[in-house]
Amino acid sequence: MIHCPCPLCGFRFFQTREDAYDHLLMKPFPPNYTFWLHHGERIVDERPSGREELEPTINSGDQIRDMVHDAFNFPGLQSDDEDSMNGHVEDVAEGLPYISDEPSRETRAFHDLLEDGEQELYPGCSKFSKLSFLVRLYHIKCMCGVSDKAFGLILELLGDAFEHAVIPKTLHDAKRIIKKLGIEYKKIDACPNDCMLYRGSDQDLSRCKQCGASRWKQKTRKNSIIRINAIVKKNGKPLPAKILRYFPLIPRLQRLFMSSKTLVDMLWHKRGTNSDGFLRHPRDGEGWKAFDMRYTNFSGDPRSVRLALASDGFNPYGNLSSKYSIWPVILIPYNLPPWICMKQSNFILSMIIPGPKMPGNDIDIYLQPLIDELKQLWAGVDTYDASEKKTFKMRAALMWTIRDFPGLGNLSGWNTYGGRACPTCNLDAETRRLTFSQKWCYMGHRRFLNRDHRYRQDRSRFDGKVEDRSPPTKLTGRDVLRQLDGVPVSQGKVQAVGSKRRRGQQTVMQDESP
């Protein structure tokens, strides 16, 4: 959907591209609309009219260097031309709080990455730098599913064929360079029964504190009188039975403000106008406005980030005979304008919860690292502002979740099965169990009608009763917490019974110290 530029719509209404094209065939295009502000064009500095030199064609090496300068800039690295967008956000940035004139410590840590972005791939190469070539090559690896062994052999071949090129010799060296981009993830061992994560004070444990399951993968030696559960090892190190892959949120949000290109979009929710009053973005809804009124310290800074969380399971193997289910958790920054906030490139992958079974209510265990970071972000995290070249306190809040109805049960803990599955009606729901289909049927919808509606008095077309009840009372967050007070909660799944032992066979557990 785009703003229709025809005189009849006047940029006020959204139309599909096909409908907008038909409108423009009937009505003339506005002659004064030369700067496409309503269709994503950004303001750039005008060059002096007397300048006759043409700008050189931007190659991939220049783009990589610009990306690094934008993403990890600090005083002394930017040129005068890179401040072109700063003057257009002064109306929003004026008077915003800053805590220092120097960038954060994380920004300085990427000095080596800047050098790789400036270094030529080989003497005289103007198309690729060391960093741009490696990023392109690693992107091909990820998109085409090239194995680590094959990628290492390709690097070795390129290094032997092009002696003067600055190419990493091994996959390990390539990952060390790419890791500086700040897109790495953390591996956190988990209990195979979803009882706990081995992090913090529990990082050195070898068994689950709740169910006693081993932290490591085990295999049974067959054809032996004594059944020995041996730990599976690789390169002398035990392999975890389950691994949570977590992508830290704070550095990814900081990256949005460290780049002058994405910074403008992160302030759109404050600068953008809504002249007709239609709901086109969450910032136009009552929830956003009520949150701003309640937490004025948070809403006073337009750089505060509003997030939504989405999660669902899928089968990564694409085989219907396999019941393996993996659950990604994705965060969506709603500060961005509506035409880009729901694009895949702007999604923030938070974690990948491994299978083989769905986590269910135990998803709370895996959300612990994310919750810890959200608590830090609510208090404020030092972040560099690319437009003002200062460091400020960035805050963030998780406001919504996007899920189907079973996912609601996983994320909130509400029982979405049985006669009390409706979270709106809560305990006031009216249900009936159908005798033959053994399904739950929800009745009493007439209570939502107006008091004088004729259906309330209609007995013959409904259940033979007059409906005189009021709609269910809408519970507040405190009411829900009061209901949950004292409810026993146990995390983890019951450990499945293993295979039967042969008669006379004993089970011996191997030493599990890594």
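Residues numbered from 1 in each chain as written. Predicted model: local features only at pLDDT ≥ 70, side-chain atom pairs only at ≥ 80, totals over all residues. Heavy atoms only, no water.

The protein carries the name Transposase-associated domain-containing protein in an unreviewed UniProt entry, which gives Arachis hypogaea as its organism.

## What about the packing of helix α7 (residues 148–161) against helix α8 (residues 171–178)?
What counts is decided by this rule: To obtain each axis, a line is fitted to C-alpha atoms, and for helices this fit is confined to the stretch in contact; angles are then taken between N-to-C directions over 0 to 180 degrees. Secondary structure elements follow DSSP: runs of H or I of four or more residues count as helices, runs of E of two or more count as strands, with numbering from the N terminus. Oblique is the label for every angle not falling under 35 degrees (roughly parallel), over 145 degrees (roughly antiparallel), or within 65 to 115 degrees (roughly perpendicular). In what follows, residue pairs with any heavy atoms lying within 4.5 Å of each other are defined as contacts. Here the nonpolar group is Ala, Val, Leu, Ile, Met, Phe, Trp, Tyr, Cys and Pro; Asp, Glu, Lys and Arg are the charged ones; every other residue, Gly included, is treated as polar.
Close contact between α7 and α8 brings their axes to 9 Å; oriented N to C, the two are set at 95°. The orientation of α7 with respect to α8, classified from their angle, is roughly perpendicular. When α7 is examined against α8, the residues D148, F151 and L155 are found in contact with a partner set consisting of L171, A174 and K175. Here the residues of the contact of α7 with α8 sort into 4 nonpolar, no polar and 2 charged.

## Topic: unusual backbone geometry
Counted only if it meets this: Only protein chains enter the accessibility calculation, which uses a 1.4 Å probe. A residue is then buried if its area is under 20% of the maximum for its type, exposed if over 50%, and partly exposed in between.
For the bond running from G355 to P356, omega is 10°, close enough to zero to count as cis. Relative to the assigned elements, P356 resides in the loop between β11 (348–353) and α15 (363–366). In this structure, D194 is a non-glycine residue whose phi angle is positive, near 60°. Within the element layout of this structure, D194 appears in the loop between β3 (186–189) and β4 (218–220). For D194, a relative accessible area of 3% puts it in the buried group. You will see that Q438, though not glycine, has its phi angle at about 55°, which is positive. Its location among the elements puts Q438 in the loop between β15 (430–433) and β16 (440–443). Overall, the relative accessible area of 44% leaves Q438 in the partly exposed class.

## What to know about the pairing of strand β8 (residues 243–246)
Counted only if it meets this: DSSP calls a pair of strands paired once it identifies at least 2 bridges connecting them.
Pairing between β3 and β8: 4 bridges, direction antiparallel. Paired with K187 across the two strands is R245, which belongs to β8. Two strands pair when backbone bridges link them, and β8 and β11 are joined in this way by 2 bridges, in the antiparallel orientation. Counted as the bridge partner of Y246 is M351 from β11.

## Here's the deal with the environment of G418
Mapped onto the fold, G418 is located in the loop between α17 (405–412) and β15. As a C-alpha pair, G418 and C441 span 23 residues in sequence and 9.7 Å in three-dimensional space. Not counting residues within four places of it along the chain, the set of residues in contact with G418 comprises W440 and Y442.

## Things to note about the confidence of the model for the protein
Which entries qualify depends on this criterion: Across the chain, each position has a pLDDT score giving the predictor's confidence in that residue, from 0 to 100.
Looking at the protein as a whole, its pLDDT mean stands at 78, while 78% of the residues score no less than 70. Here residues 44–58 is a poorly scored stretch, pLDDT under 50, and it has 5 contacts once near neighbours within four places are set aside; other chains count. When the criterion is pLDDT under 50, residues 73–95 qualifies, and its contacts beyond four places in sequence or with other chains add up to 41 contacts.

## Some points on a nonpolar patch on the surface
Cut-off, in case you're wondering: Like-charged residues are merged into a patch within 9 Å and nonpolar side chains (Val, Leu, Ile, Met, Phe, Trp, Tyr) within 5 Å, provided each residue has over 30% relative accessible area and no salt bridge. Here the open area of atoms and residues is found with the Shrake-Rupley method and a 1.4 Å probe, where only the protein chains shown may cover a residue. Only one rule defines a salt bridge in this text: a Lys or Arg side-chain nitrogen within 4 Å of an Asp or Glu carboxyl oxygen.
Residues L475, V480, L481, L484, V487 and V489 make up a contiguous nonpolar surface patch of about 530 Å² in total accessible area. With respect to the secondary-structure elements, V480 resides in helix α18 (residues 477–484). By relative accessible area, which is 34% here, V480 ends up partly exposed.

## A few points about the packing of helix α6 (residues 130–144) against α7
How we decide: Definitions for this section: a left-handed crossing has its near helix turned counterclockwise from the far helix by less than a right angle. A right-handed crossing has that turn clockwise.
It is the contact of α6 with α7, at a shortest axis distance of 11 Å, that shows an interaxial angle of 145°. Crossing of α6 over α7 shows right-handed handedness. Residue-level contacts link F133, L137, Y138 and K141 of α6 to D148, F151, L155 and L158 of α7. Counted by class, the contact of α6 with α7 contains 6 nonpolar, no polar and 2 charged residues.

## Describing the side chain of S304
Relative to the assigned elements, S304 resides in the loop between α13 (296–299) and β9 (305–311). By relative accessible area, S304 is classed as buried at 3%. For S304, the contacting residues outside a window of four places in its chain are H269, F298, N335 and R395.

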